[in-house]
Amino acid sequence: MAEANGDAPDFTAPLANGDIEDFTLADELADGPVVLAFFPGAFTSVCTTEMCTFDDRLSKFDDIGADVYGISVDSPFALNEFRDQNDLSFGLISDIDKEIIDAYDVRMDFADLGVHGVAKRAVFVVGADGEITYEWVSDDPGVEPEYDEIAAAVDDTA
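The rules behind the values
Residues numbered from 1 in each chain as written. Predicted model: local features only at pLDDT ≥ 70, side-chain atom pairs only at ≥ 80, totals over all residues. Heavy atoms only, no water. Helix = DSSP H or I, 4+ residues; strand = E, 2+ residues; numbered from the N terminus. Polar contact = N/O pair within 3.5 Å; in protein donor to acceptor, adjacent residues only side chain to side chain. Contact = heavy atoms within 4.5 Å. Salt bridge = Lys/Arg side-chain N within 4 Å of Asp/Glu carboxyl O. Buried < 20%, exposed > 50% of the residue type's maximum accessible area, 1.4 Å probe, protein only. Pairing = 2+ DSSP bridges. Axes fitted to C-alpha atoms, helices over the stretch in contact; angles between N-to-C directions. Arc of directions from axis to C-beta.

Chemist: What is the right way to read the side chain of serine 72 from this model?
Modeler: Position of serine 72 among the secondary structure elements: in strand β4 (residues 67-72). A distance of 2.7 Å separates the side chain of serine 72 from the side chain of aspartate 74, its partner in a polar contact. Contact partners of serine 72, with chain neighbours within four places excluded, come to Phe39, Leu79, Ile93, Ser94 and Asp95.

As structure tokens, this is what we get:
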């Protein structure tokens, strides 16, 4: 289970960044802290608001030297379309095999809707040494994270 002060589970997955490329967390950590923002699904209202809010605040993370990545179980093709429609300037990681949500223990179901195996809304800040320095996980998909708290955690990690 991924939690603050523990090691971040490494992974390799498709990155939707306009193209589709391989993304490996360990390789990205060399450039500084990484913010992993898990969200239940592209094209849903709260997820769209969350990813757009991260995009609006991206310069604060850039100034600190941190990279932000959204993660959902959507296909990389759907994530590229989601990026395009919302003019997002950061990459989105496709966990279509649901291995990352399991490694970070953020899998949830919307059983009453017949939707199973999506990401909880969660944010992890991972330092260059691979340690999780901040963890926020919500069981309520309608709740957004505290963006200022995340920025402060990244600032403390950098």
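From this point on, the discussion continues.
Chemist: How should I be thinking about the pattern of salt bridges in this particular structure?
Modeler: Side-chain pairing between opposite charges can occur once the charged atoms of the two side chains come close. Under the definition given, this model contains four salt bridges. Linking arginine 121 and glutamate 50 is a salt bridge whose minimum nitrogen-to-oxygen distance equals 2.6 Å. Of the two residues, arginine 121 is situated in strand β8 (residues 121-126) and glutamate 50 in helix α2 (residues 45-56); the sequence distance between them amounts to 71 residues. Judged by its relative accessible area of 1%, arginine 121 is buried. On the basis of relative accessibility, which here comes to 0%, the residue glutamate 50 falls in the buried class. Notably, a salt bridge pairs arginine 107 with aspartate 102, separated by 2.7 Å at the nearest N-O pair. Residue aspartate 102 is classed as partly exposed on the basis of its relative accessible area of 42%.

Chemist: Looking at this structure, I do not really get the sheet that holds strand β5 (residues 92-94). What am I missing?
Modeler: Backbone-to-backbone hydrogen bonds pair the strands of a sheet. The strands run either parallel or antiparallel. Overall, mixed pairing links the seven strands, which are arranged β2-β1-β5-β4-β3-β8-β9 in an open sheet. Only two strands of the sheet have a single partner each, and these edge strands are β2 (20-24) and β9 (132-138). When strand polarity is set aside, the average angle formed by the axes of neighbouring strands in this sheet is 25°. Contacting β1 (12-16), β2, β4 and β5, helix α4 (residues 76-86) runs over the sheet at an angle of about 160° to β5.

Chemist: Hey, could you run me through unusual backbone geometry in this one?
Modeler: Even without a glycine there, the phi angle at phenylalanine 43 is positive, about 70°. As for its placement among the helices and strands, phenylalanine 43 is situated in the loop between β3 (34-38) and α2. We classify phenylalanine 43 as partly exposed; its relative accessible area is 41%. The residue aspartate 87 is not glycine, and still its phi comes out positive at about 55°. Of note, aspartate 87 is situated in the loop between α4 and β5. Judged by relative accessible area, which is 63%, aspartate 87 ranks as exposed.

Chemist: Mind showing me how you'd approach helix α6 (residues 147-157) here?
Modeler: Given 3.6 residues per turn, any residue in an α-helix points the same way as the ones three and four places further on. Every buried residue of α6 is listed here: Tyr147, Ile150, Ala151, Ala153, Val154 and Thr157. Along α6, the residues classed as buried sweep out an arc of 160° about the axis, all on the same side. Every exposed residue of α6 that faces more than 90 degrees away from the buried side is listed here: Asp148 and Asp156. Residues of α6 that are buried sit in contact with β3, α2, α3 (58-64), β8 and β9.

Honestly, it's all geometry; don't read function into it.
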